[in-house]
Amino acid sequence: AGGGGGAEGALSLVYGRLVYVAFLLQVKLIYSLPLLGRSVMLLLSALLHAYDSFEMHWASTHRGVASRFRLIESHWTFFVGYGGVLAALSAGLRFWDLFVLRAVLYPIYIANAPHARYSDAPTSRLPVFQACFGVINSALQLAELRMRPFRS
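Residues numbered from 1 in each chain as written. Predicted model: local features only at pLDDT ≥ 70, side-chain atom pairs only at ≥ 80, totals over all residues. Heavy atoms only, no water.

Draft legend 1. Representation of the packing of helix 4 (residues 76–92) against helix 5 (residues 95–112) in the model. As a packed pair, helix 4 and helix 5 sit with axes 11 Å apart at the nearest point and diverge in direction by 175 degrees. In terms of orientation, helix 4 lies roughly antiparallel with respect to helix 5. Contact residues: Tyr82, Val85, Leu86, Leu89 and Ser90 in helix 4; Leu98, Leu101, Arg102, Leu105, Tyr106, Tyr109 and Asn112 in helix 5. For the contact of helix 4 with helix 5, the class distribution of residues is nine nonpolar, two polar and one charged. (Axes fitted to C-alpha atoms, helices over the stretch in contact; angles between N-to-C directions. Helix = DSSP H or I, 4+ residues; strand = E, 2+ residues; numbered from the N terminus. Parallel < 35°, antiparallel > 145°, perpendicular 65-115°, else oblique. Contact = heavy atoms within 4.5 Å. Nonpolar A, V, L, I, M, F, W, Y, C, P; charged D, E, K, R; others polar.)

What follows is the structure in structure tokens.
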């Protein structure tokens, strides 16, 4: 389900951050690939910038973490366009220049998110977050198994 309140909301937030960090690591790994690495990194970075822009809106509507990422995968062409300018600027500007520009642009992107019409842009699903979900879910299952008391 969605973010909920109390412990469920906190766990949802932590889970979302774990998937996000795993995806960032995936983007960094892809960047190191010869030839296509930089282009694919820009595409994936655009998806992350779009996710950042929509996250507050989705949290307020109690959209679950997995549902958020599935939505981006299902309408990836829209979200690449939405986050593409920020991704391109991230690749081309120095840190502090980008910091100032993002401080100005992100509030506009976030304020626009509730009004976006991504459902008008149906595309084939691009499952770019699935590896991250697999890694995080496997790690959480392993941690759960290790925390269970041993029974003989």
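Draft legend 2. Highlighting the packing of helix 2 (residues 37–60) against helix 3 (residues 65–74). Relative orientation of the contacting elements helix 2 and helix 3 amounts to 135 degrees, with a least axis distance of 11 Å. Classified by the angle their axes make, helix 2 and helix 3 are oblique. For helix 2 against helix 3, the interelement crossing comes out right-handed. Judged by residue contacts, Leu47, Tyr51, Glu55, Trp58 and Ala59 of helix 2 engage Arg68, Phe69, Leu71 and Ile72 from helix 3. Grouping the amino acids of the contact of helix 2 with helix 3 by side-chain chemistry returns seven nonpolar, no polar and two charged. (Left-handed = near helix turned anticlockwise from the far one by under 90°.)

Draft legend 3. Local environment of a nonpolar patch on the surface. A surface patch of nonpolar side chains, amounting to about 510 Å² of accessible area, comprises Phe95, Trp96, Phe99 and Val100. Examined against the element boundaries, Trp96 turns out to sit in helix 5. For Trp96, a relative accessible area of 59% gives the class exposed. (Patch = residues over 30% accessible without salt bridge, like charges linked within 9 Å, V, L, I, M, F, W, Y side chains within 5 Å. Areas by Shrake-Rupley, 256 points an atom, 1.4 Å probe, with all protein chains shown as cover. Salt bridge = Lys/Arg side-chain N within 4 Å of Asp/Glu carboxyl O. Buried < 20%, exposed > 50% of the residue type's maximum accessible area, 1.4 Å probe, protein only.)

Draft legend 4. Representation of the layout of surface pockets within the structure. In this structure, the largest pocket occupies an estimated 370 Å³ of space. Taken together, 18 residues form the lining of the largest pocket, with Lys28, Met41, Ser45, His49 and Ser90 sitting closest to its centre. Here the lining of the largest pocket takes seven residues from helix 2, the largest share from any one element. Here the residues of the lining of the largest pocket are counted per class, giving eleven nonpolar, three polar and four charged. (1 Å grid on protein atoms, 1.4 Å probe; cavity = no way out; pocket = protein on both sides within 12 Å on 5 of 7 lines; lining within 4 Å. Points joined across faces, edges and corners; volume = space filled by probe spheres on them.)

Draft legend 5. Region of the structure containing unusual backbone geometry. For Leu35, which is not glycine, the phi torsion reads 70 degrees and is therefore positive. Its place among the elements puts Leu35 in the loop between helix 1 (6–31) and helix 2. A positive phi angle, close to 60 degrees, is found at His62, a residue other than glycine.

Worth remembering: the numbers are spatial, not functional.
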